Amino acid sequence: QVQLVESGGGLVQAGGSLRLSCAASGRTFSRYRMGWFRQAPGKERESVAAITWTAGRTEYADSVKGRFTISRDIAENMVYLQMNSLKPEDTAIYYCAAQRRNLVPYDIWGQGTQVTVSS
């Protein structure tokens, strides 16, 4: 069974930075894309950033462009989200997810890590 485990969340002041990590464990699995999502209280879950596993092609939500950077380390089986210039509106639970094939939903999810940005 494959598991995704996020880490790196915490409390930071506005303007600060955090780096989230996502580790995949369990049996080896193929994936097309890895993504970071977030859900704030009372809001729907939204996509933040994604990266194709082999080609490393990235995409970002407009709200985080220029501030967040997604990356992956294929050898270490890790995905990262570097978050700079954090704003209070970035406060949410952040989830890592795997999309095993293109054009299908993300179907492997981590348990989430809390990010809180104080003003």
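Scroll up to find the structure this text is about.
1. Side note on the nonpolar core
Nonpolar side chains tend toward joint burial in soluble globular proteins. Ranked by internal contacts, the top residues of the largest apolar core, which has 30 residues, are Leu4, Met34, Trp36, Leu81, Met83 and Tyr94. Taken together, the elements giving at least two residues each to this core come down to strand 3 (18-25), strand 4 (33-39), strand 5 (46-52), strand 7 (68-73), strand 8 (78-83), strand 9 (92-99) and strand 11 (113-118).

2. Some remarks on the pairing of strand 5
Of all seven residues in strand 5, five are buried; the element is thus mostly enclosed. Note that strand 4 and strand 5 share six bridges and pair antiparallel. Residue pairing in the sheet places phenylalanine 37 in a bridge with serine 47 of strand 5. With three bridges connecting them, strand 5 and strand 6 (residues 58-60) associate as antiparallel partners. Considered in strand 6, the bridge of alanine 50 is made with glutamate 59.

3. Some details on the sheet that holds strand 8
With respect to topology, four strands assemble into an open sheet ordered 1-3-8-7, the strand pairing being antiparallel. Two strands close off the open sheet at either side, each with one partner strand: strand 1 (3-7) and strand 7. For this sheet the average axis-to-axis angle between neighbouring strands, irrespective of direction, equals 15°. Note that strand 3 and strand 8 share six bridges and pair antiparallel. Its bridge partner lying in strand 8, arginine 19 is registered against glutamine 82.

Cut-offs and rules
Residues numbered from 1 in each chain as written. Predicted model: local features only at pLDDT ≥ 70, side-chain atom pairs only at ≥ 80, totals over all residues. Heavy atoms only, no water. Core = buried A, V, L, I, M, F, W, Y, C linked by side-chain atoms within 4.5 Å. Buried < 20%, exposed > 50% of the residue type's maximum accessible area, 1.4 Å probe, protein only. Helix = DSSP H or I, 4+ residues; strand = E, 2+ residues; numbered from the N terminus. Pairing = 2+ DSSP bridges. Axes fitted to C-alpha atoms, helices over the stretch in contact; angles between N-to-C directions.

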